[in-house]
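Spelled out from the first residue to the last, the chains are:
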Amino acid sequence: MNLSIVATLYKSAAYVEEFHRRASAAARELAGDDYEIVLVNDGSPDDSLDRAVELTRIDRHVTVIDLSRNFGHHKAMVAGLAHARGERIFLIDSDLEEAPEWLRDFAKTMAAEASDVVYGVQEVRKGNWFERWSGELYYTVFNYLAHIDHPRNIVTARLMSRRYVDALLQFREREMVISCLWVITGFKQSSRTVKKLTGSPSTYSLTKKIAHATNAITSFSEAPLRMIFYVGLAIFAGALLYAAYLVFHKLVLATPMDGWTSVMVSIWLLGGMIVSFLGVIGIYLSKIFTETKQRPFTIVRDIHGQSSSIH
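Values in this document were obtained by computation on a predicted structure and should not be read as measured data. (Residues numbered from 1 in each chain as written. Predicted model: local features only at pLDDT ≥ 70, side-chain atom pairs only at ≥ 80, totals over all residues. Heavy atoms only, no water.)

Asks: Hey, could you run me through the pairing of strand 6 (residues 154-161) in this one?
Replies: Of all eight residues in strand 6, eight are buried; the element is thus mostly enclosed. With four bridges joining them, strand 4 (residues 88-91) and strand 6 adopt antiparallel strand pairing. In the sheet register, Ile89 faces strand 6, and the bridge partner there is Met160. Of the pairings in the sheet, the one linking strand 5 (residues 117-122) to strand 6 comprises four bridges and is antiparallel in character. If you follow Val121 over to strand 6, its bridge partner there is Ile154. (Buried < 20%, exposed > 50% of the residue type's maximum accessible area, 1.4 Å probe, protein only. Helix = DSSP H or I, 4+ residues; strand = E, 2+ residues; numbered from the N terminus. Pairing = 2+ DSSP bridges.)

Asks: Looking at this structure, how should I read helix 3 (residues 73-83)?
Replies: An α-helix turns once every 3.6 residues. As a result, residues three or four positions apart point the same way. Of all 11 residues in helix 3, eight are buried; the element is thus mostly enclosed. Residues of helix 3 that are buried include every one of His74, Ala76, Met77, Val78, Ala79, Gly80, Leu81 and His83, and no others.

Asks: Explain unusual backbone geometry to me, please; I cannot follow it from the model alone.
Replies: For residues that are not glycine, phi is negative in most cases, and the peptide bond is trans in most cases. Even without being a glycine, Lys11 presents a positive backbone phi close to 55°. Here Lys11 lies in the loop between strand 1 (3-9) and helix 1 (16-31). The phi dihedral of Phe187 is positive, around 70°, even though this residue is not glycine. Note on placement: Phe187 falls in the loop between helix 7 (178-184) and strand 7 (189-194). What makes Phe187 partly exposed here is its relative accessible area of 39%.

Rendered as structure tokens:
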């Protein structure tokens, strides 16, 4: 098969039909009749699944992967990629903030630069000044800690070769940050500047963004653990210097030391640091615990459409 278009569904009922129409037109322009559209229902609470299944009845190119519950956007994308059969795979969000028509330009860039991946980069990151500033800070800190060159302001939309997707699917991590896996999979990757629309409010709250950042950093960097060791050394060195200072005042200057305030501050400071450091270690231990259980990424409840007899 020449082309697969993969998208996930979550509260996508308002967009399913238009996404199908526009994605189909873009696919026919590039691949003629040799394409498929794989829609993954990630436990959507609305009638996205019913609308998508109806499309399979009127269009043989559509396949719907119905997951047993909501597993999260990243894992749902991987489920879609695992079921895609095309030599080229176009991954895109279904909410129409990313235009299916980008496929044409992505394909031209892939051919011109002999790339295995062409991904979209936002012309201007959406959100207010704080979201843009915090996003830039996140990428700077993450790239420094993880020692990878994660592109800034990327979108989901990307056109990928078969060999790249096969390599990407070899990663079996349960604590998944797919944008980082995109990077470390390697191959030649090219960027394409896009203008992402803002059609619906983001479902990523500040709490979710902090959780995502914590997961990404602890999944791809051991720097926080090394930081604990170095901070411990610094505290030990500082304690030795302060002890020497107290001994000097006591024995040489015979100066009485009022230490209650400094003692209390030290207790609170060191206590807080110990608790936070134990928390960092706990995060890493929880990841080990999750990985050793080897639970499946996703569970497929049903497959609707042409590919249901194949997978």
